[in-house]
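So you can see what is in the structure, the chains are spelled out below.
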Amino acid sequence: MLPGKKTIIVLTKLMVSAGLIVLIARDFDLSSLKADLLAVKLHMLALAMLLLCAQTFALCNRWILILRTMGVSLDWLAGWRILLASAWFNQVLPSGGEAVRIWMLRRHGIQWSLTLSSIIADRFIGLLALGFLILAGMPILISRIHDDVLLFAVVGIVAAAYFGAIVLIMLNRLPARVTAVLPVRIVQFAMLLEAPLLARAGRKALFGSAIVVHLLTVTACYALAIGLDAGLSVLDAFVLVPLVIMAAAVPLSIGGWGIREGAMVGALGLVGIAPDKALAISILFGLGNLMVGVIGGAVWLLAPERATYTAEQDDAAAPLHQR
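Criteria and cut-off values
Residues numbered from 1 in each chain as written. Predicted model: local features only at pLDDT ≥ 70, side-chain atom pairs only at ≥ 80, totals over all residues. Heavy atoms only, no water. Helix = DSSP H or I, 4+ residues; strand = E, 2+ residues; numbered from the N terminus. Buried < 20%, exposed > 50% of the residue type's maximum accessible area, 1.4 Å probe, protein only. Contact = heavy atoms within 4.5 Å. Areas by Shrake-Rupley, 256 points an atom, 1.4 Å probe, with all protein chains shown as cover. Core = buried A, V, L, I, M, F, W, Y, C linked by side-chain atoms within 4.5 Å. Phe/Tyr/Trp six-rings, centres within 6.5 Å; stacked < 30°, edge-to-face > 60°. Salt bridge = Lys/Arg side-chain N within 4 Å of Asp/Glu carboxyl O. Expected span 1.5 Å × (residues − 1). Patch = residues over 30% accessible without salt bridge, like charges linked within 9 Å, V, L, I, M, F, W, Y side chains within 5 Å. pLDDT = per-residue confidence, 0-100. Axes fitted to C-alpha atoms, helices over the stretch in contact; angles between N-to-C directions. Parallel < 35°, antiparallel > 145°, perpendicular 65-115°, else oblique. Left-handed = near helix turned anticlockwise from the far one by under 90°. Nonpolar A, V, L, I, M, F, W, Y, C, P; charged D, E, K, R; others polar.

(A) How the structure looks around the overall build of the protein. Helices and strands together make up the secondary structure of the protein, namely 16 helices and zero strands. Looking at the protein as a whole, 46% of its 323 residues are labelled buried. A fraction of 75% describes how many contacts in the protein between residues 6 or more apart in sequence connect residues 24 or more apart. Surface summary for the protein: the accessible area is close to 15,600 Å², and the carbon and sulfur share equals 70%.

(B) Just the nonpolar core, in detail. Among the nonpolar cores identified, the biggest contains 52 residues, and Ile134, Leu141, Leu243, Leu268 and Ile281 are the most heavily contacted of them. Looking at this core, the elements with two or more residues in it are α3 (42–69), α6 (112–136), α7 (138–144), α8 (148–171), α11 (203–227), α12 (234–248), α13 (259–269) and α14 (275–302). Examining the composition of this core, we find that nine residues originate from one element, α14, more than from any other. Counting 32 residues, the second-largest nonpolar core is a separate cluster that includes Cys60, Met104, Ile211 and Ala303.

(C) Structural context of the packing of aromatic side chains. Using the criterion set out here, one finds four aromatic pairs in the structure. Residues phenylalanine 57 and tryptophan 80 carry aromatic rings whose centres are separated by 4.8 Å and whose planes lie at 15° to one another, so their mutual orientation is stacked. Of this pair, phenylalanine 57 sits in helix α3 while tryptophan 80 is found in helix α4 (residues 76–92), placing the two residues 23 residues apart along the sequence. Among the residues examined, phenylalanine 57 registers a relative accessible area of 36% and is labelled partly exposed. With relative accessibility at 23%, the residue tryptophan 80 sits in the partly exposed group. Their ring planes at 85° and their centres at 5.1 Å tell us that phenylalanine 89 and tryptophan 300 sit as a pair that is edge-to-face.

(D) Layout of the pattern of salt bridges. With the rule as written, the count across this model stands at six salt bridges. Its salt-bridge partner being lysine 41, residue aspartate 229 comes within 3.0 Å of it at the nearest N-O pair. Residue aspartate 229 is located in the loop between α11 and α12, and its partner lysine 41 is located in the loop between α2 (30–39) and α3; the two are separated by 188 residues in the primary sequence. Taking the shortest distance from any N to any O, the salt bridge between glutamate 98 and arginine 123 comes out at 3.3 Å. In this pair, glutamate 98 is assigned in helix α5 (residues 96–106) and arginine 123 in helix α6, connecting sequence segments 25 residues apart. Taking relative accessible area as the criterion, glutamate 98 reaches 8% and is therefore assigned buried.

(E) Structural view of the environment of isoleucine 102. Turning to its location among the elements, isoleucine 102 is positioned in helix α5. On a C-alpha basis, the gap between isoleucine 102 and isoleucine 82 in space is 9.3 Å, while along the polypeptide they are 20 residues apart.

(F) Up close: α3. With 28 residues, α3 extends 41 Å from end C-alpha to end C-alpha; this agrees with the ideal 40 Å at 1.5 Å per step. Just downstream of α3 lies glycine 71, where phi reads positive at about 80°.

(G) Structural context of the environment of leucine 232. Position of leucine 232 relative to the elements: it lies in the loop between α11 and α12. Taking the C-alpha atoms as reference points, leucine 232 and alanine 278, separated by 46 residues in sequence, lie 9.6 Å from one another. If we ignore the near neighbours within four places in the chain, the residues touching leucine 232 are Tyr222, Ala225, Ala237, Leu268, Val271 and Ile273.

(H) Spotlight on unusual backbone geometry. Of note in this structure, aspartate 229 is not a glycine but carries a positive phi near 55°. According to the relative accessible area criterion, aspartate 229 is exposed, its value standing at 55%.

(I) Focus on a nonpolar patch on the surface. Among the surface-exposed residues, Leu287, Leu290, Met291 and Val294 lie close enough to one another that they form a single nonpolar patch of about 320 Å² accessible area. Tracing the backbone through its elements, the reader meets leucine 290 in helix α14. A relative accessible area of 32% means that leucine 290 is categorised as partly exposed.

(J) Geometry of the confidence of the model for the protein. Mean pLDDT for the protein: 81, with 79% of residues reaching 70 or above. Of the regions scoring below 50 in pLDDT, residues 309–323 engages in 29 contacts with residues more than four places distant in sequence or in other chains.

(K) Here's a closer look at the packing of α11 against α14. Relative orientation of the contacting elements α11 and α14 amounts to 125°, with a least axis distance of 9 Å. What the angle tells us is that α11 and α14 run oblique. Remark: the crossing between α11 and α14 carries right-handed chirality. Across the interface between the two elements, Thr217, Ala220, Cys221, Leu224 and Ala225 of α11 pack against Ile281, Leu284 and Phe285 of α14.

(L) Fine view of the packing of α2 against α14. In the contact formed by α2 and α14, the axes pass within 9 Å of each other and the chain directions differ by 55°. Between α2 and α14, the angle is such that the two are oblique. Considering how the two elements wind past one another, α2 and α14 form a crossing that is right-handed. Contacts between α2 and α14 involve Ser32, Leu33, Asp36 and Leu37 from the first element and Asp276, Lys277, Leu279, Ala280, Ile283 and Leu284 from the second. Residue composition of the contact of α2 with α14, by class: six nonpolar, one polar and three charged.

Written out as structure tokens, the structure is:
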């Protein structure tokens with residue numbers, strides 16, 4: 001990707017995050033929000049932070065299981081170190097974490113195609129696991145969402161994700177004359193996901209790990225809600241927080257900032273959680289992720305794979321940025 005184009009993407013995402021935060025904040029009493037943030041119970045804040053740190057282990061496990069389906073053996077500690085380092089770059093650069101993961105994997109002698117495949121599969125399987133949680137909570141969600149358009153949008157997004165997975169799995173079974181007329185990128189994408197989606201060995205562990213990743217996010221948000229006396233129930237957290245995760249995953253802002261806050265206020269508002277409490281939960285959650293990123297930055301500085309990370313090395317990972 002050209003440097004100018006990358007700069008435009010970064011600035012656009014930065015403006016989206018800043019614009020959304022300003023739009024949300026203008027309707028709030030900032031002094032009240034500040035009081036909520038300072039009044040959070042420290043032991044629950046520490047618990048949420050611990051859960052976010054534990055999530056890095058679950059993320060690493062999911063990624064290593066994906067690599068194994070592709071025939072790649074990566075030392076667990078090395079995988080965790082790479083994942084933590086990427087967490088820092090995800091906080092400061094769009095897709096920067098994925099570029100670092102690719103580069104650090106290459107330092108272990110793993111082929112470009114396999115590194116790229118593992119990261120795309122990691123994202124996609126994470127989305128499928130998130131869809132599973134949303135579907136599991138759908139009977140309760142229906143009673144919470146009274147806007148038919150919003151409910152239809154949620155169901156449509158989840159259904160599209162699973163339909164897409166089924167199509168990708170079946171794509172390699174179609175006659176060559178059919179796949180020949182399909183866009184090359186779709187065929188390439190299916191090939192990248194084929195190994196982890198079709199693997200029999202370890203498939204339950206893989207999807208179980210993917211679900212645990214999201215449950216840790218839900219639990220961290222619930223812990224913050226308790227710390228703020230927000231009145232959020234366990235059941236409502238399980239049903240509504242996955243919707244926030246889904247919204248924040250849309251790659252239109254820096255680190256999900258702005259989108260996550262708006263989604264959290266809207267989702268928790270469905271069960272009567274005060275907007276300032278919901279916003280405080282989201283901000284504290286985002287700061288928790290930022291702290292994990294800072295730890296990852298320290299890991300990056302000490303990582304044995306690290307050399308001088310130049311612009312040329314970043315450009316070598318350009319195919320990922322272009323997706």
